[in-house]
Amino acid sequence: MASLKQTQELFMAYILSDKSTDNAQDDKCSAFTSLITAKSDEDGQTRLGIYASAYRLRLIETIETDHEMLGIYLGDELFDKMAQEYINAHPSSYRSLRHFCDALPPFLQDDAFFSQYPILSHIAAFERRLLNAFDAEEQSRASFSELEQLAPEHWPESRFRFHSSVQIFKCQSNAVESWQALKNQQTPPQPDYSIACAWLLWRGEERLTEFISLTEYQLVLLEGFLQGQSLAQQCELMLNYFDEEQAPTKVLQAIRAWFEMGIIRAIA
Amino acid sequence: MTETALTQDFLGFGLGLRTNHFDHVLNTRPDIDWFEVLSENYMVAGGKPRYYLESIAEQYPIVMHGVSMSIGSTDPLDMEYLTALKKLANDVQPKWISDHICWTSIHDVNSHDLLPLPYTEETINHVAERVRTVQDFLGRRILLENVSSYLSYKDSTMDEWTFLNAVAEQADCLVLLDINNIYVSARNHHFDPVTYLNKIEPKRVQQFHLAGHSDYGDYVIDTHDHDVPDSVWDLYGTALERFGAVSTMIERDGNIPEFSGLEQELNIARDIAIKTLPGLQTHLDGLNKNSNRNVFDGKS
Ligand SMILES: [Fe+2]
């Protein structure tokens, strides 16, 4: 008689074994098969197979749902290769399937085969950011009038707290453009690794996930504020991009836009 | 037939709340007695699910149903999960909390499935002790639901119903009977589902699930993605005769139809219950008056 713990270990080993490639699968199968009631070998295999295929199917569906555009980009055959290999490499260690694909971008980046196409990892990373923005905690949002109501002498030292859905995505490829093309049911462009891109993702007040591209100065400005820099510090930083007259105007324009987008939670 | 036990815990006829019906429920306030929510779906920090849940919980009684307590696992209890569950219960104030009599993970690897347990004294003691710990932590009794299964263990020394009764008794917890799961397991393991119902201790049965499945002849798979079939409706009638008025809901996990499709199934359940249980109609009218909502469409 097996202990409850042994039974569970053998059951899980059976579920995790890849029936198509795992050489050790015979041992794993027979160890667990001997514990279950079955009319015949075939009957036993069918009963166990229901659990083993349910596990794979559930995880494949999760990858498909979380990474829909990546799936289309890859096509059925490569998607299946990726899914099976990712599932083998990453048994689900989270209670929630929501996190199952968290390691997909690094997997694609490091895998001997998939790393030949860096854009795959970039698309996967972008899709993870979209999900993070979608799931982030709901928080109230501040309006531009709150800043206007501040006495002018408090402006230079003002800092901003951002909505928890705010995500910055940077990559050295046209991954987002490719994602957008697929989303619009168009053929994606050829991979282009010549340009560095940055994107801001957030969930708006209507609870829709949105994203826009950032120019270099916008990225630097936003990253500074996210790190807690003050308005005065950021105006000074903008002198790297604009003259003394333009810099404060550009900063104010950007801030006003952020309030309108609903990404500023509070003025500090 | 046993006497109809119209306890204060009888909520009437409910539905599993699914994301694609959020807007419909909020905008049209359908005549549903209560909703069951999947606890794990609302353990994310925020965003849409919590917004809808809080709005809907203001208007309907809610019960919480979980899938990842892994009460039968030999891993330690996941206190992080239980803490999140308790916090959610605090926010939502559910009528009760349920999970499944099964295991889902071992050594921190999660099957995301409701895996069957061997029915032994060892398992009874193990599960009952964990249920007591959970109940102490949550400060309330929980309901355990029977799962569909496709395999049984040579080590089992008793029937599933004996096992379920023993755990419930030893842990002093309540029972959620999934009528479809009984049917599915009966077909897969060749036992009589009516025997199962007749052996379950009535005093602990607090809720019923009704659902559909996929029938492959030799095996029946609990897919929860079909309408409730006649075989399950028949068994539901038998269950009502034995257990009286028990809060009933339609549980649909996949291939989710329009809300009206689920309402129609719930009407069938209500009609069967009213036919089977004298006095239920009067009781439901009382529920209806209290909540100021019209539960009946007048045809029954
Ligand atoms: Fe169920």
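Residues numbered from 1 in each chain as written. Chains lettered and ligands numbered in written order. Predicted model: local features only at pLDDT ≥ 70, side-chain atom pairs only at ≥ 80, totals over all residues. Heavy atoms only, no water.

- Going by the annotation in an unreviewed UniProt entry, the name recorded for chain B is UPF0276 protein FN961_04900, with Shewanella hanedai given as the source organism.
- The UniProt entry for chain B carries this comment under Sequence similarities (unreviewed entry): "Belongs to the UPF0276 family." (UniProt positions renumbered as here; feature names shortened; annotations may be inferred.)

- The name an unreviewed UniProt entry assigns to chain A is DUF2063 domain-containing protein, from the organism Shewanella hanedai.

1. Quick notes on the sheet that holds strand β4 (residues 209-213) of chain A
Residues and elements named next belong to chain A.
Okay, step 1: Strand order in the open sheet made by the three strands is β2-β3-β4, with antiparallel pairing throughout. Taken across any chain shown, the strands that pair with only one partner, and hence form the sheet edges, are β2 (167-171) and β4. Each neighbouring strand pair of the sheet contributes to a mean axis angle of 25 degrees, computed without reference to strand direction.
Okay, step 2: In terms of strand pairing, β2 meets strand β3 (residues 197-203) through five bridges, oriented antiparallel. Counted as the bridge partner of F169 is W199 from β3. (Pairing = 2+ DSSP bridges. Helix = DSSP H or I, 4+ residues; strand = E, 2+ residues; numbered from the N terminus. Axes fitted to C-alpha atoms, helices over the stretch in contact; angles between N-to-C directions.)

2. Section: the packing of aromatic side chains
Okay, step 1: Tallying each qualifying case throughout the model produces 36 aromatic pairs over all chains.
Okay, step 2: By way of ring pairs, the aromatic residues F11, Y14, F32 and Y51 of chain A together with W103, Y150 and Y153 of chain B are connected into one cluster.
Okay, step 3: A cation over an aromatic ring shows up here: R207 of chain A above the ring of Y51 of chain B, its NZ or CZ 3.8 Å from the ring centre. (Phe/Tyr/Trp six-rings, centres within 6.5 Å; stacked < 30°, edge-to-face > 60°. Lys NZ or Arg CZ within 6 Å of the ring centre and 35° of its normal.)

3. Describing the interface of chain B and chain A
Okay, step 1: Contacts between the two partners involve 45 residues from chain B and, on the opposite side, 41 residues from chain A.
Okay, step 2: Each partner contributes to the roughly 3700 Å² buried at the junction of chain B and chain A, and carbon and sulfur atoms together form 61% of this total.
Okay, step 3: Of all residues in chain B, K48, H112 and Y219 of chain B give up the largest surface area on contact with chain A, accounting jointly for 17% of the area buried on that side.
Okay, step 4: Where chain B touches chain A, the interface holds two salt bridges.
Okay, step 5: With its nearest N and O atoms 3.0 Å apart, the salt bridge here joins D78 of chain B to R95 of chain A.
Okay, step 6: Counting across the interface, chain B meets chain A through 16 residue pairs in polar contact (both at pLDDT 80 or more).
Okay, step 7: Within the residue set of the side of chain B that touches chain A, elements represented by two or more residues are α2 (48-57), β5 (103-106), β6 (109-115), α4 (121-138) and α6 (179-189) of chain B.
Okay, step 8: Examining the composition of the side of chain B that touches chain A, we find that seven residues originate from one element, β6 of chain B, more than from any other. (Contact = heavy atoms within 4.5 Å. Buried area = accessible area lost by both parts, 1.4 Å probe. Salt bridge = Lys/Arg side-chain N within 4 Å of Asp/Glu carboxyl O. Polar contact = N/O pair within 3.5 Å; in protein donor to acceptor, adjacent residues only side chain to side chain.)

4. Observations regarding the coordination of the iron ion
Okay, step 1: Protein-derived coordination of the iron ion comes from E145 of chain B (OE), D178 of chain B (OD), H209 of chain B (ND1) and E251 of chain B (OE), at a distance range of 2.0 to 2.2 Å.
Okay, step 2: One can describe the site at the iron ion as irregular: its four donor atoms subtend angles covering 88 to 176 degrees at the metal. (Donors = N, O, S within 2.8 Å, 3.2 Å for Na, K, Ca; no water. Tetrahedral: all angles 85-135°; square planar, octahedral: opposite > 155°, others 65-115°.)

5. What to know about the nonpolar core
Okay, step 1: Of all hydrophobic cores here, the largest spans 140 residues; its most connected members are I63, M82 and L104 of chain A together with F35, L177, F208 and Y236 of chain B.
Okay, step 2: Excluding residues that lie within four positions of it along the chain, Y236 of chain B makes contacts with F13, I179, F208, L210, T248, A269, I272 and A273 of chain B.
Okay, step 3: Residues L219, L221, A247 and W258 of chain A belong to the second largest nonpolar core, which totals 29 residues. (Core = buried A, V, L, I, M, F, W, Y, C linked by side-chain atoms within 4.5 Å. Buried < 20%, exposed > 50% of the residue type's maximum accessible area, 1.4 Å probe, protein only.)

6. Observations regarding the packing of α4 of chain B against helix α5 (residues 160-171) of chain B
Residues and elements named next belong to chain B.
Okay, step 1: At a closest axis distance of 8 Å, the pairing of α4 and α5 adopts a crossing angle of 40 degrees. Classified by the angle between their axes, α4 and α5 sit oblique to one another. Considering how the two elements wind past one another, α4 and α5 form a crossing that is right-handed. Contacts from T123, I124, N125, V127, A128, V131, R132 and Q135 in α4 reach F163, A166, V167, Q170 and A171 in α5. (Parallel < 35°, antiparallel > 145°, perpendicular 65-115°, else oblique. Left-handed = near helix turned anticlockwise from the far one by under 90°.)

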